[in-house]
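# Structure assessment
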Number of protein chains: 4
Amino acid sequence: MHFLSDNTAAVHPAIMEAMAAANAGHAPAYGADGLTEEAEKALELLFETDVRGFLVCSGTAANALALSAMTPPYGGILCHEEAHINVDECGAPEFFTGAKLIPLPGEGGKLTPEVVRARLERFAHGEHQVKPAVLSISNPTEMGRVYTPQEVRALARVAHAHGMLLHVDGARFANAVAALGCHPDELAGRAGVDVLSLGATKNGAMLAEAVLFFNTALAVEFARRRKRAGQLVSKSCYLAAQWLAWLRDERWRELAEHANAMARLLAARLDDVPGVEIAEPVETNMVFAWLPRTLHVALVEAGAEYYCWREEQERVQARLVCSWQTREQEIESFITAARQHAG
Amino acid sequence: MHFLSDNTAAVHPAIMEAMAAANAGHAPAYGADGLTEEAEKALELLFETDVRGFLVCSGTAANALALSAMTPPYGGILCHEEAHINVDECGAPEFFTGAKLIPLPGEGGKLTPEVVRARLERFAHGEHQVKPAVLSISNPTEMGRVYTPQEVRALARVAHAHGMLLHVDGARFANAVAALGCHPDELAGRAGVDVLSLGATKNGAMLAEAVLFFNTALAVEFARRRKRAGQLVSKSCYLAAQWLAWLRDERWRELAEHANAMARLLAARLDDVPGVEIAEPVETNMVFAWLPRTLHVALVEAGAEYYCWREEQERVQARLVCSWQTREQEIESFITAARQHAG
Amino acid sequence: MHFLSDNTAAVHPAIMEAMAAANAGHAPAYGADGLTEEAEKALELLFETDVRGFLVCSGTAANALALSAMTPPYGGILCHEEAHINVDECGAPEFFTGAKLIPLPGEGGKLTPEVVRARLERFAHGEHQVKPAVLSISNPTEMGRVYTPQEVRALARVAHAHGMLLHVDGARFANAVAALGCHPDELAGRAGVDVLSLGATKNGAMLAEAVLFFNTALAVEFARRRKRAGQLVSKSCYLAAQWLAWLRDERWRELAEHANAMARLLAARLDDVPGVEIAEPVETNMVFAWLPRTLHVALVEAGAEYYCWREEQERVQARLVCSWQTREQEIESFITAARQHAG
Amino acid sequence: MHFLSDNTAAVHPAIMEAMAAANAGHAPAYGADGLTEEAEKALELLFETDVRGFLVCSGTAANALALSAMTPPYGGILCHEEAHINVDECGAPEFFTGAKLIPLPGEGGKLTPEVVRARLERFAHGEHQVKPAVLSISNPTEMGRVYTPQEVRALARVAHAHGMLLHVDGARFANAVAALGCHPDELAGRAGVDVLSLGATKNGAMLAEAVLFFNTALAVEFARRRKRAGQLVSKSCYLAAQWLAWLRDERWRELAEHANAMARLLAARLDDVPGVEIAEPVETNMVFAWLPRTLHVALVEAGAEYYCWREEQERVQARLVCSWQTREQEIESFITAARQHAG
């Protein structure tokens, strides 16, 4: 009954095998090997557009480095107040950019053009204020909600109209694409996204995060930024092997679809449990549900693992995350336990 | 004939197997898994002292993060002018610390107490100058030279007497320990080292770098520094598995001894080639040799791979690095080619 | 009819004379002159406690430098969302500290212990979040509101109970002290304030800002921080001369009392103008008033100068600031103009 | 007998009077006043070219801010190893830029095209090294030596040929111009200088430093950089008044010529004192002289004030600085004392 996060899942066997297969002979270091080049090309093929990809070591690094190429140090980064970059990266974006994060409200972790525009109107003090430089959104959001291509485009328009760039934190990007059944580039370059932090780690890989520049002019000297941040690994071929296996035959979509399907199933079954209330529309692989505190305590005792997103006196909002590894049986065990302790 | 670097070598099979073996079930993310704890404990056992270890993603990150815990932003970091932190990390130490690097000269990449003391005397302008905060040395140095325990202790004494801390860049630390046949802690805690950047990647691992605090007070809140730098990986167990396999039964020593032995053999054989001059005492796994330019050109054409450390009109100083993977046969092929084109 | 800001006022003649009087012979540079020492001592006498003072060049520098001595780079600075450090310093606090600002709501620019405590409860993710390190308040606030000694003490208690420090932005500190008629230290050291940014520029000086450490342990090496920030001026005696004249015979209180009295008068008179609504209690030298847009346009045309704090379709919230230089006659002219165009 | 520095001199009476004259009525804050505009225009007139000037509070800030507009954070700043930015600014350049300083040797504090070119050849590791971005020289140097227009142009050519920019630390720029009897722009825009830190403080002003952009494209958003660094003062008109008085009727040249002449006189007279050796050609307002230690001790006891640049067992290298305020009588007293104690 593991619903803690999708990054507690194991590495998909095909990805592990690809790493083992890469382990032969010598490979030039620091990305000059053939596999890294292949992986960068494969990312271009995935999006079917001119995109410059850089492999890095963590999602936090992908976000912070991406942002550092998008804003001057006197810039401002508008983002949702619950955004991972604002809440859970220990100030990495401020560290890498020198810039200021400006948190905005919004339902389900989503920003709207109206909220962004209203905030921009408050930048009227010239040099006394930072220069709004980046709009950063998470797709899907930290609540598992999805921005459609239209929604991304609308935000890109607002950003660009104000001389800003659009960044997408895509730690679970595959889940969004799978949920919408669209082409990946419909949520990226074609929607006006300038830079995407793309994560594969939460979707079956071991250590596979990348910064993708759809606005390729921003990629100039990014190699130096990556090195300066300690994010250039010497044995890059093992990162590349993961990406190649993840991208091959749209494995990423298959894994993400499974995780999404499991979350839908979990939500549907949970919704029937007395006293439980689904708190957010389930659009990708996460379920947010209010549980009576007594039920919560019983479930934890029964061995269920999940994250408490919010706590109130009488109830707890649980975040239940499904992964490529989640099995229907786990969900049924969880539901059985829930039913047993509910009411 | 691969002598480019020890980071172009493959991953040792036992380490790759350990990673595959770790790939089962779920593992709490961000280092809360059992393997990471085991690896941290194994590092303590290695040094047989109270040491706090943190796994990170690259040697550059290990150095820059270590230094960030050792100096205030208004501090100075004394290091050799050829130190990796000063030459080949694209300013990462300045980025992570905010401090100033102060390069010093020294034969073979080594610093002496005299050189350090003489430089410290020039800090007499009070607040107009940075505060000397860290002495950083590489052991072995970038030229493969080794500091003995006595030499490290002497530098530690100078540093501590001036209110400074001692950092060691140990990207090839195993090679130094193997060369001296000593206990690892004789070059670390017992010698007065405050923080060690320990690398396993160049010695058979895939992605295994660590920051080790012998001065454990400095480790307070280091977890936040690591996170803020994007160096905390979610699936930490796969880094830990590498460390455990590398540490088991002193495999690290065996691999390093092999690399060192290969370098000694290479140097001995090269020394006999007419026109070749060994440029540095060979103390670990690197050979620096002056080659006539004509010989250099012929060797490269013949497929030999190595790095040109320095270039002059008539000759080239080659840096030839041996690794755990270097075979005697490779050395013989190289020597045969050299003899063929020499004179 | 100048109500734009108190920093548009001239320098008080006595302060200008003191600067001229200081202009004789030679003076050791960088604060080693006698006047700087005298000024630092005079600041101690003002507060009648052990306080370490450092002269700097701007209020923004005073705030950002003060904060840099109070938080590690992985720290968080809690402040009001309308705080000058959050809104009008172009990211200087992030630049100087490397840390993260965390904006909080509150009426009149004031924070309450409840709001602070509630926000602190959300720091439960360990290393994934910044470490709450500083609580920063403005006294008076950007809306001219005052924290009483009791209120400051209550906030200090919350901060200290959570391992945080308390910073006060006192750009208009004299106005708060004058308004309360208290001893300056009742709003500083005795109230638990660790560091105060004290400004004299808005209250009759030319260029006189200081960082005052009541928690003197934090002042260690602050001289280097100031120098590294380009805030150590060579001819420091001319800054010191301003402070000495400002402090002599409680001139600061007299000037602040005048400015406060003028604001009270202005508010009282404005309140009688039809259609005008005083928007904030007037506690120091600022008046916030809603003006019908037609009235606003007419006043500006008539030559009145003030800042538009907020704008709505039909009305404008004017910020009217009085200074040591404001004359009753100016207020009467303004009221006459307002009456003429009102209704 | 004050030869400690030119920043221990008083403010020239005409400059002090100009500040007092500026003290009337109200002035818009933050540089929106008329005087600041006039001063910026006067700086343009001085150089007779299109130049964008920004007033700041210290020479260190002028240098560090100028550099921050000239290099990306992954850049390198080449400078003399004795440069003020490398030695006496407590790391401010690293702080403001995030970049790396690369110290170079050179006689008299001067760099040559050969030394610069030779160092640039060592940047061959791509992303592993910082990108050489700025060449920074001091004119005059920290030893009072002057770069001629031809020398500056030659360095500008090297810099620009390598995609770098040329910065000049002109803390004593007037002394260099006066020494050469040239037009100021011959050492600035016309010589290929991109950005000049211009100081008036050491030449009769109170607090007057500026950043001048001859490469005006670099000035974009510099206002925000200045604000973010806490270098925008509210009552800017008092800085502007100093500049206007300093620039009027070439007062700067007259004051600098006097200081230079006094230094020439001092050197000529000192040279005749037995046992004294002039250590550097005297080109501006500084004299470097080796004094026997016994003489040095006697002079200090007699009340002479100067800085010990270097110390040896038997002798001391004194730095004697003349200013606009130095009188012939002071020099004669010093020489008399020297003669008395020499031999």
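Residues numbered from 1 in each chain as written. Chains lettered and ligands numbered in written order. Predicted model: local features only at pLDDT ≥ 70, side-chain atom pairs only at ≥ 80, totals over all residues. Heavy atoms only, no water.

## A short note on the overall build of chain A
Along its length, chain A carries 13 helices and 11 strands. Seen through its principal axes, chain A has C-alpha atoms that stretch 60 × 60 × 30 Å. Considering only residue pairs separated by 6 or more positions, chain A has 75% of its internal contacts joining residues 24 or more positions apart. Averaging the locations of the 31 positively and 43 negatively charged side chains of chain A gives two centres separated by 4 Å. (Helix = DSSP H or I, 4+ residues; strand = E, 2+ residues; numbered from the N terminus. Contact = heavy atoms within 4.5 Å. Lys, Arg positive; Asp, Glu negative; His and termini not counted. Charge placed at Lys NZ, Arg CZ, Asp CG, Glu CD.)

## Some words on the relation of the copies chain D and chain A
You can overlay chain D on chain A at an RMSD of 0.0 Å; the transform is a turn of 180 degrees with a shift of 0.0 Å along its axis. On this basis, the relationship between the two copies can be described by a two-fold rotation axis. A shared binding surface is used by both copies, with 100% of the interface residues of chain D retained as interface residues in chain A. (Least-squares fit on C-alpha atoms with pLDDT ≥ 70 in both.)

## Focus on unusual backbone geometry
The phi angle of most residues is negative, glycine excepted, and most peptide bonds adopt the trans form. The peptide bond linking Asn139(A) to Pro140(A) adopts the cis configuration, its omega dihedral lying at 0 degrees. Within the secondary structure, Pro140(A) sits in the loop between strand S4 (131-138) and helix H7 (149-161). Even without being glycine, Tyr30(B) reaches a positive phi, approximately 60 degrees. Tracing the sequence through the fold places Tyr30(B) in the loop between helix H1 (13-21) and helix H2 (34-47). The backbone of Glu48(C) sits at a positive phi, close to 50 degrees, despite the residue not being glycine. For Glu48(C), the location among the structural elements is in the loop between helix H2 (34-47) and strand S1 (52-56).

## So, the pairing of strand S4 (residues 131-138) of chain D
All names here are of chain D. The element S4 is extensively covered by neighbouring structure, given that seven of its eight residues are classed as buried. Bridge count for strand S2 (residues 75-80) against S4 is five bridges, and the pairing is parallel. Looking at the pairing, Gly76 lines up with Pro132 of S4. Pairing between S4 and strand S5 (residues 165-170): five bridges, direction parallel. Bridging across to S5, Ile137 finds its partner in Val168. One crossover worth recording links S4 to the parallel S5 by way of helix H7 (residues 149-161), and it is right-handed. (Buried < 20%, exposed > 50% of the residue type's maximum accessible area, 1.4 Å probe, protein only. Pairing = 2+ DSSP bridges. Right-handed = clockwise from strand over helix to strand, strands pointing away.)

## Considering the sheet that holds strand S11 (residues 315-321) of chain B
Residue and element names in this part refer to chain B. If you walk across this open sheet you meet the four strands as S8-S9-S11-S10, and the pairing is antiparallel. Looking at the sheet topology across the chains shown, the edges are occupied by strand S8 (277-278) and strand S10 (307-311). Summarising the sheet, strand S9 (residues 286-292) and S11 pair through seven bridges and their orientation is antiparallel. Bridging from a neighbouring strand, Val287 pairs with Leu320 of S11. Across the sheet, helix H12 (residues 293-301) touches S9, S10 and S11, and the angle it forms with S9 is around 115 degrees. (Axes fitted to C-alpha atoms, helices over the stretch in contact; angles between N-to-C directions.)

## A word on the interface of chain D and chain A
Across the boundary between the two partners, chain D contributes 19 residues, which contact 19 residues of chain A. Both faces combined, the contact of chain D with chain A buries some 1,800 Å², and carbon together with sulfur accounts for 56% of it. When the buried surface of chain D facing chain A is broken down by residue, Tyr74(D), Glu127(D) and Arg224(D) rank first, second and third, together holding 40% of it. Put simply, chain D and chain A have four salt bridges between them. Considering every element that reaches the side of chain D that touches chain A, the biggest residue donor is helix H9 (residues 222-228) of chain D, with six residues. (Buried area = accessible area lost by both parts, 1.4 Å probe. Salt bridge = Lys/Arg side-chain N within 4 Å of Asp/Glu carboxyl O.)

## A look at the packing of aromatic side chains
Under the definition given, this model contains 54 aromatic pairs over all chains. Joined through ring pairs, the aromatic side chains of Phe95(A), Phe96(A), Phe95(B) and Phe96(B) make up one cluster. Seen from the ring of Trp290(A), Arg315(A) lies directly overhead, with NZ or CZ sitting 3.6 Å from the centre. The ring of Tyr147(D) is capped by Lys110(D), whose NZ or CZ atom sits 5.3 Å from the centre of that ring. (Phe/Tyr/Trp six-rings, centres within 6.5 Å; stacked < 30°, edge-to-face > 60°. Lys NZ or Arg CZ within 6 Å of the ring centre and 35° of its normal.)

## Section: the pattern of salt bridges
If you walk through the whole model with that rule in mind, you get 68 salt bridges over all chains. Here Glu250(B) ties to Arg253(B) by a salt bridge, and the two come within 3.0 Å at their closest N and O atoms. In this structure Glu250(B) comes out as partly exposed when scored by relative accessible area, which is 37%. Each of Glu107(A), Arg145(A), Glu280(A) and Glu283(A) takes part in salt bridges that share partners, so that together they form one network.

## Side note on the state of the cysteines
All names here are of chain C. Per the stated rule, a full pass over the model turns up zero disulfides over all chains. You can see Cys237 has no disulfide; the closest cysteine sulfur is in Cys57, sitting 13 Å from it. Overall, Cys237 belongs to the buried group, its relative accessible area being 6%. (Disulfide = S-S within 2.5 Å.)

## Here's the deal with the relation of the copies chain C and chain D
Mapping chain C onto chain D calls for a screw motion: a turn of 180 degrees about the axis and a shift of 0.0 Å along it, with 0.0 Å RMSD after fitting. Interface residue correspondence from chain C to chain D reaches 98%, placing this contact among same-surface, isologous pairings.

## Thoughts on the sheet that holds strand S3 (residues 100-104) of chain C
Residue and element names in this part refer to chain C. One open sheet holds the seven strands; their spatial order is S1-S7-S6-S5-S4-S2-S3, and the pairing between them is mixed. Both edges of this open sheet fall to S1 and S3, since each of them pairs with a single strand only. In this sheet, neighbouring strand axes are inclined to one another by 20 degrees on average, regardless of whether the strands run parallel or antiparallel. Here S1 runs beside strand S7 (residues 209-213); their pairing, made up of five bridges, is antiparallel. Paired with Phe54 across the bridge in S7 is Val211. Running over the sheet, helix H6 (residues 113-120) touches strand S2 (75-80), S3 and strand S4 (131-138) and is turned about 130 degrees from S3. Of the strands in this sheet, S4 and strand S5 (165-170) are in contact with helix H7 (residues 149-161), which crosses S5 at around 140 degrees.

## Regarding the packing of helix H2 (residues 34-47) of chain D against helix H10 (residues 237-247) of chain D
Each pair of packed helices can be described by the angle between their axes along with the distance between the axes. Residues and elements named next belong to chain D. Two elements in contact, H2 and H10, have axes separated by 8 Å at closest approach and are oriented at 35 degrees. As H2 packs across H10, the resulting crossing turns out to be left-handed. Contacts between H2 and H10 involve Leu35, Thr36, Glu38, Ala39, Ala42, Leu43 and Leu46 from the first element and Cys237, Ala240, Ala241, Trp243, Leu244 and Leu247 from the second. (Left-handed = near helix turned anticlockwise from the far one by under 90°.)

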